[in-house]
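Observations on the model geometry
Here are the chains, one letter per residue:
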Amino acid sequence: MPWFEVEGEALTEEQIRGAVTRLLEEARKRIKKDLKRVLLLPPDLTRAYSGDGKVTEMLYEGLAGCEVAVIPTLGQHRPHTEEENRWMFGSIPHEKIYAHDWREGVTRVGTIPAALVAETTGGVADWEIPIDLNTKLMTEPWDLVINIGHVVPHEVLGFANHNKNYFIGLGGKKTICASHIAAAVYGIENNLGCLITPLRACFNWAEKEYLGHLPDVYLQIVMRRDAQEKLVTSGIYVGDDLETYLAAARASREQNITTFDKPVKKIVAVMQADEFRSTWVANKAVYRTRMALADGGELLVIAPGLERFGEQPEVDALIRKYGYTGTPRILSLYKTEPDMQELAHATAHLIHGSSEGRFTIRYAPGHLSKEEIEGVGYEYADLREVQERYAPERMVEGWNTMPDGEEVFYISTPSAGLWATKAKLDSPARRQMVTV
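Before going into details, it helps to say that this report is about the structure given with it. (Residues numbered from 1 in each chain as written. Predicted model: local features only at pLDDT ≥ 70, side-chain atom pairs only at ≥ 80, totals over all residues. Heavy atoms only, no water.)

**Details of the overall build of the chain**
Here is the rule we go by: In this description a helix means any DSSP run of H or I spanning at least four residues, a strand means any run of E spanning at least two, and both kinds are numbered starting from the N terminus. For this measure, only C-alpha atoms enter the radius of gyration; the expected value for a globule follows 2.2 Å times N^0.38, where N is the number of residues. Accessibility here uses a 1.4 Å probe with only protein chains present; expressed as a share of the type maximum, an area under 20% marks a residue as buried, one over 50% as exposed, and anything in between as partly exposed. Should any heavy atoms of two residues lie within 4.5 Å, those residues are counted as being in contact. To be clear on the numbers: accessible area is Shrake-Rupley with a 1.4 Å probe, and residue cover counts the displayed protein chains and nothing else.
Per the secondary structure count, the chain includes 19 helices and 18 strands. Taking 22 Å as the expected radius of gyration for a compact globule of 436 residues, we find that the chain reaches 21 Å, a close match to that expectation. Seen along its three principal axes, the alpha-carbon backbone of the chain occupies a region of about 65 × 50 × 40 Å. By residue count, 61% of the 436 residues in the chain fall in the buried class. Across the chain, the fraction of contacts at a sequence separation of at least 24, relative to all contacts at a separation of at least 6, is 76%. Taken as a whole, the chain presents about 17000 Å² of accessible surface, with 49% of it coming from carbon and sulfur.

See below:
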């Protein structure tokens, strides 16, 4: 059971700070010793809107007198600059924030058996998933490990956070590659918004098997939109078990999924310049809206910060080489192309980022050319023109009718939810799994 929950229409900063204080008090009682070395594991800047950076700063302040380290759960995202750390984590000293190195900074702790992967995915994935995790996490002595995160619908694990912080956020290349391609072949639309997906079930097994010795706790945030369509914190869920995740995920499922009776012809989504600089992360606009878009419809992504496709040069090159060209072609190439096999997580990303020919994905980028956008299989729009037409100060969340009569559905923060037709959400292919 969760240690405790705090829920409300819009939690105040005082309530959030109170939850942080209570977590530390509870932890001291439960581990029955003083906290001398504490590790904080917050998300990276792509979750900055959740306020997790401020929560991390509150925890750091509440641990005065302790030796505290912070490792943003980057996965394979680019490490923060000192300026970005200051922007997200406030007064936490830069030298206390350590960048996760997904290639060289990990240690093998075990393996998820191929048989379990096959069992959970119905046989579509039948390979083992090696578990390589951040070396600092696994080899140094910690009195307490605090996972901080935002629970929201997610394309790989159904909902983000909980042990995703470990196995993806602090995972090694082999772990990230093997798990992402397994989730991709199972089907992105079979994962989104499901409480326990095949990969989540595998990670739950691995957490029990390999991480039971860690003195850890999860602080999970859920957000909702208030009457003015502003994102506010509606729940904090604190605990060290699976039920803590499930409580948060159920709340997110209730508050963060927008349903439609019929498919939407056009969606306009904005990806903020200070958080989303690659299609690797900006494609959350694609993932979270694809189940709502009509066949022949259009997704327009306004991305003023977009300057690249991948988070690393080799991933960027692979995306440019193969493009977002649909599951059949990508999986066919995956069987024969060594670079796709070497970067299996990027291959999975190419699948996730394709419309499968169902609808048009049109990007208005800040720093990529028309030729670059069209070269990966997307359509192009001029940023200045679309920012004038769909100016944020004039648009409202949800349905908008433009002066010429065009109807569009506008989303200012696609990464904070999931949009889908009721028919797609109720598809029998979407199995809600039991815990493994």
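**Regarding the nonpolar core**
Counted only if it meets this: Residues belong to one nonpolar core when they are buried, are Ala, Val, Leu, Ile, Met, Phe, Trp, Tyr or Cys, and are joined through side-chain atoms within 4.5 Å.
One finds Ile267, Ile319, Leu350 and Tyr363 to be the most contacted residues of the largest nonpolar core, which totals 53 residues. At five residues, helix α16 (residues 344-352) tops the list of elements feeding residues into this core.

**Topic: the packing of helix α4 (residues 114-121) against helix α9 (residues 198-210)**
Applied cut-off: Each axis is a line fitted through C-alpha atoms, taken for helices only over the stretch in contact, and angles between the N-to-C directions span 0 to 180 degrees. Should the near helix be turned anticlockwise from the far one by less than a right angle, the crossing is termed left-handed; should it be turned clockwise, right-handed. Throughout, the ten residues Ala, Val, Leu, Ile, Met, Phe, Trp, Tyr, Cys and Pro are labelled nonpolar, Asp, Glu, Lys and Arg are labelled charged, and all others, Gly among them, are labelled polar.
Between α4 and α9, the shortest axis-to-axis distance is 8 Å and the interhelical angle comes to 145 degrees. At the point where α4 passes α9, the crossing takes the right-handed sense. For the pair formed by α4 and α9, the contact residues are Leu116, Val117, Thr120 and Thr121 on the first element and Pro198, Ala201, Cys202 and Trp205 on the second. Residues of the contact of α4 with α9, tallied by class, amount to six nonpolar, two polar and no charged.

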